Amino acid sequence: MTATLPSHEVAAGVTTWLSAFGDALSAGDTAAAAALFTEDCFWRDLVAFTWNIKTLEGRAAISAMLDETLPWVQPRGWKITHGEEPAGAGGVVEAWIDFETAAGRGHGHLRLRDGRCWTLLTTLDELKGHEERRGPNRPKGVERRANPARTTWLEDREQEASELGITEQPYVVIIGGGQAGIGLGARLRQLRVPTIIIDKRSRPGDQWRSRYKSLCLHDPVWYDHMPYLKFPDNWPVFSPKDKIADWLESYTKIMELNYWPDTEATSAAYDEEAGQWAVQVERDGELLVLRPAQLVLATGMSGRPSLPAFPGMDTFRGDQHHSSAHPGPGRYRGKRCVVIGSNNSAFDICGALWENGADVTMVQRSSTHIVRSATLMDIGLGALYSEEAVASGMTTDKADMVFASIPYRIMHHFQIPLYEQMRERDQEFYDRLEAAGFEHDWGDDGSGLFMKYLRRGSGYYIDVGAADLVANGDVALARGQVDRLAEDAVVLEDGTKLPADLVVYATGYQSMNGWAAELISQEVADKVGKCWGLGSDTTKDPGPWEGEQRNMWKPTQQQALWFHGGNLHQSRHYSLYLALQLKARQAGLPTPVYGLQEVHHLR
Ligand SMILES: Cc1cc2nc3c(=O)[nH]c(=O)nc-3n(C[C@H](O)[C@H](O)[C@H](O)COP(=O)(O)OP(=O)(O)OC[C@H]3O[C@@H](n4cnc5c(N)ncnc54)[C@H](O)[C@@H]3O)c2cc1C
């Protein structure tokens, strides 16, 4: 077993592999390179080789990719990352690696089994000649010589703001100034790509501010950092929504972003010949057209409510709204509230309504996966994103890379044992829930919450207390499909009548290509197809297998149109690769895309 090998032998094994791999690539011998992989191998590439986000599965796929990309990628300099000792356990050797291509410098991760590569991750870190000015290369900030034409930082910023989008066109327009648009904007600024972020709301962070009052992030602080600027050590583990909103607002200023609030994009059209978008915007009531070369939709995965159309909704006499429009529990004290849905938002809203003295019923229409927050933190995220992980030397960047190094095809194998542990630890809790009639699942293959998130972006609740309310009956549970709304009640298909003064539709969100339909055209939305999901052929994630998330952070079938979003972790990590793809195009570098994804589903 490799676990027993001394560390110098482990390192020697990695060096031998890297040197054989580097030699095969330099010789253009793609068959020899592919032969260095195990038969069940995976190579996940984030932009370095493919100018795409792509996982190659098996030797044939790897040699086919290399046949096409090697001539222009020209990889070299494969070595173990300085200061990172390769480690072996359970027959697998893991190593952090560095390499170069013609265009840039990359970083990666390697897993070897019996001297062959089982999983390889290659990521582009920076473009040669377009490095970010940070660390030793940071700007001086001051000119230490007499200069009658001296301008101050403030004057420069004001001049930029008065010109960009007015007399000078940005290279990139990002529609949507939530955390995704802001984080990407920060990266593009560091890469010196002229960018405007527009948002129809008045202040950065307003998307979070507008959500229901009780909302706190479900993910812990170590998972949530924005690029460049970490939350301070005294930041709470679970950030209240208004606090995260204020952070985003401050971040926008600190990172010197060209952020246009109160600016709504009303339409966009691409002129192929000119290689330019015409984005119609209404800024503080004034109409103008922005003409960027690249358009990013960062309009939110949880931005387009999926509202059901039940008969009788038009005659219901009480309040009714989608969860995204829920104003909070204050005005519903003593009222009969029916919440349709049984995932995160439904539980959060039910909990807050109950705390405020409402009479609450949850309608469960399909099964839900629940995992207790503390258990998820300990077992699911603890090794990478926790105080203990930080104490053991884990950095956010490294944790993101570890996560990225596991190919989606086999990720569930890593997840299933964790969820088995969670089930065991909280068995009594699940027994109580099921005894209360709650339909609970662990995902189609027992792989739990994160796979559900990646596959369908729904179907779960990270329990911060409201599940107990359902288990003990404080929040009543009704199961079944909604037939219609009466004037004062929700009526289920089995005839059950749930009297209601308020109905909340916690019924989720639509695919992000709906934004393209709304802003560009149905034709373009259909051309790019569904966003999100892996093609896992599990519930709400139809096959065929895609290997990567559909349309996110990578080229789409519509030239110069990009989708950006996801949770805080994904927005942070993948904004780097999207920013580099945009920078390369702005710099005029060749960016031949290998394996542009095909479209299998429209929504
Ligand atoms: C209830 C809830 C809880 C969540 N909890 C977590 C959590 O704990 N951790 C986590 O990581 N993620 C969480 N998420 C998921 C995700 O992080 C959030 O949805 C987050 O807001 C997504 O950020 P975003 O920038 O992609 O999109 P959004 O924050 O939705 O921002 C999109 C922006 O686009 C703007 N916009 C849309 N159309 C236009 C237009 N035509 N013109 C101009 N502007 C436009 C909107 O005004 C909005 O500000 C949660 C989501 C919800 C709904």
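Residues numbered from 1 in each chain as written. Predicted model: local features only at pLDDT ≥ 70, side-chain atom pairs only at ≥ 80, totals over all residues. Heavy atoms only, no water.

(A) Representation of the pattern of salt bridges in the model. Counted under the stated rule, the structure contains 35 salt bridges. Arg203 is paired through a salt bridge with Asp246; the nearest N and O atoms lie 3.8 Å apart. Of this pair, Arg203 sits in the loop between strand 9 (195-198) and helix 6 (206-209) while Asp246 sits in helix 8 (residues 241-254); the two residues are 43 residues apart in sequence, bridging distant segments of the chain. For Asp246, a relative accessible area of 39% puts it in the partly exposed group. By sharing partners, the salt bridges in this structure join Arg203, Asp206, Arg209, Asp246 and Glu249 into a single network. (Salt bridge = Lys/Arg side-chain N within 4 Å of Asp/Glu carboxyl O. Helix = DSSP H or I, 4+ residues; strand = E, 2+ residues; numbered from the N terminus. Buried < 20%, exposed > 50% of the residue type's maximum accessible area, 1.4 Å probe, protein only.)

(B) Structural view of the sheet that holds strand 12 (residues 276-283). What the three strands build is an open sheet, ordered 11-12-13; its pairing is antiparallel. The open sheet is flanked by strand 11 (263-271) and strand 13 (286-290), the only strands paired with a single partner. The mean inter-strand angle of the sheet, taken between neighbouring strand axes irrespective of direction, is 15 degrees. (Pairing = 2+ DSSP bridges. Axes fitted to C-alpha atoms, helices over the stretch in contact; angles between N-to-C directions.)

(C) Summary view of the packing of helix 10 (residues 373-381) against helix 13 (residues 408-425). For the pair helix 10 and helix 13, the least separation of the axes is 10 Å and the interaxial angle reads 145 degrees. Handedness of the crossing formed by helix 10 with helix 13: right-handed. Residues Ala374, Thr375, Leu376, Asp378, Ile379 and Gly380 of helix 10 form the contact with helix 13, whose participating residues are Leu418, Tyr419, Gln421, Met422 and Arg425. Looking at side-chain class alone, the contact of helix 10 with helix 13 contains six nonpolar, three polar and two charged residues. (Left-handed = near helix turned anticlockwise from the far one by under 90°. Contact = heavy atoms within 4.5 Å. Nonpolar A, V, L, I, M, F, W, Y, C, P; charged D, E, K, R; others polar.)

(D) Quick look at the packing of helix 5 (residues 179-190) against helix 19 (residues 568-586). Helix 19 packs onto helix 5 with a crossing angle of 40 degrees between their chain directions and a minimal axis gap of 9 Å. With respect to helix 19, the element helix 5 is oriented oblique. Note that helix 5 runs across helix 19; the crossing there is right-handed. Contact residues: helix 5 offers Gln179, Ala180, Gly183, Leu184, Arg187 and Leu188, while helix 19 offers Leu568, Ser571, Arg572, Ser575, Leu576, Leu578, Ala579 and Leu582. (Parallel < 35°, antiparallel > 145°, perpendicular 65-115°, else oblique.)

(E) Seen up close, the site of the ligand. Taken together, 33 residues lie around the ligand, and Gln179, Asp199, Gln207, His218 and Leu568 are the ones closest in. Between the ligand and Lys200 there is a distance of 3.1 Å, counted from a nitrogen atom to a backbone nitrogen or oxygen. Arg211 places a polar side-chain atom, nitrogen or oxygen, 3.0 Å from an oxygen atom of the ligand. In isolation the ligand has 970 Å² of accessible area, and contact with the protein removes 94% of it. Mapped onto the shell around the ligand, the elements with two or more residues apiece are helix 5, helix 6, strand 11 and helix 17 (513-519). In terms of residue count, strand 11 provides more of the shell around the ligand than any other element does, three residues in total. Looking at the shell around the ligand residue by residue, the class counts come to 13 nonpolar, 14 polar and six charged. (Near = heavy atom within 4 Å. Polar contact = N/O pair within 3.5 Å; in protein donor to acceptor, adjacent residues only side chain to side chain. Areas by Shrake-Rupley, 256 points an atom, 1.4 Å probe, with all protein chains shown as cover.)

(F) Summary view of the environment of Trp43. On the secondary structure map, Trp43 appears in strand 1 (residues 37-46). When neighbours within four sequence positions are excluded, Trp43 is seen to be in contact with Phe21, Phe37, Phe49, Lys54, Thr55, Leu56, Ile62, Met65, Leu66, Leu120 and Thr122.

(G) Representation of the nonpolar core. Counting residues in hydrophobic clusters, the biggest one holds 165 residues, and the most contacted among them are Phe21, Trp43 and Leu110. In terms of residue count, helix 19 provides more of this core than any other element does, nine residues in total. Grouped together as the second largest cluster of nonpolar side chains are 15 residues, Val338, Val363, Val490 and Leu492 included. (Core = buried A, V, L, I, M, F, W, Y, C linked by side-chain atoms within 4.5 Å.)

(H) Fine view of the pairing of strand 21 (residues 482-486). Of the strand pairs in this sheet, strand 21 and strand 22 (residues 489-492) are connected by four bridges, and their pairing is antiparallel. The residue of strand 22 that forms the bridge with Val482 is Leu492. Taking the residues between adjacent antiparallel strands as the criterion, strand 21 and strand 22 are bridged by two residues.

(I) Structural context of the sheet that holds strand 21. With antiparallel pairing, the three strands of this open sheet are ordered in space as 21-22-23. Single-partner strands in this sheet number two, and they are strand 21 and strand 23 (497-499). Averaged over neighbouring strand pairs, the angle between their axes works out to 20 degrees when direction is ignored.

(J) Inspection of unusual backbone geometry at higher detail. In this structure, Pro544 follows Gly543 across a cis peptide bond, with omega equal to 5 degrees. Take Pro544: it is sitting in the loop between helix 18 (522-528) and strand 25 (561-563). Residue Tyr228 is not a glycine yet carries a positive backbone phi of 70 degrees. Accessibility expressed as a relative area gives 27% for Tyr228, which makes it partly exposed.

(K) Examining the state of the cysteines more closely. The tally for this structure, following the rule as stated, stands at zero disulfides. Just so you know, Cys117 is unpaired, no disulfide at all, and the nearest cysteine sulfur is the one on Cys41, 7.1 Å from it. Under the relative-accessibility criterion, Cys117 is labelled buried at 0%. (Disulfide = S-S within 2.5 Å.)

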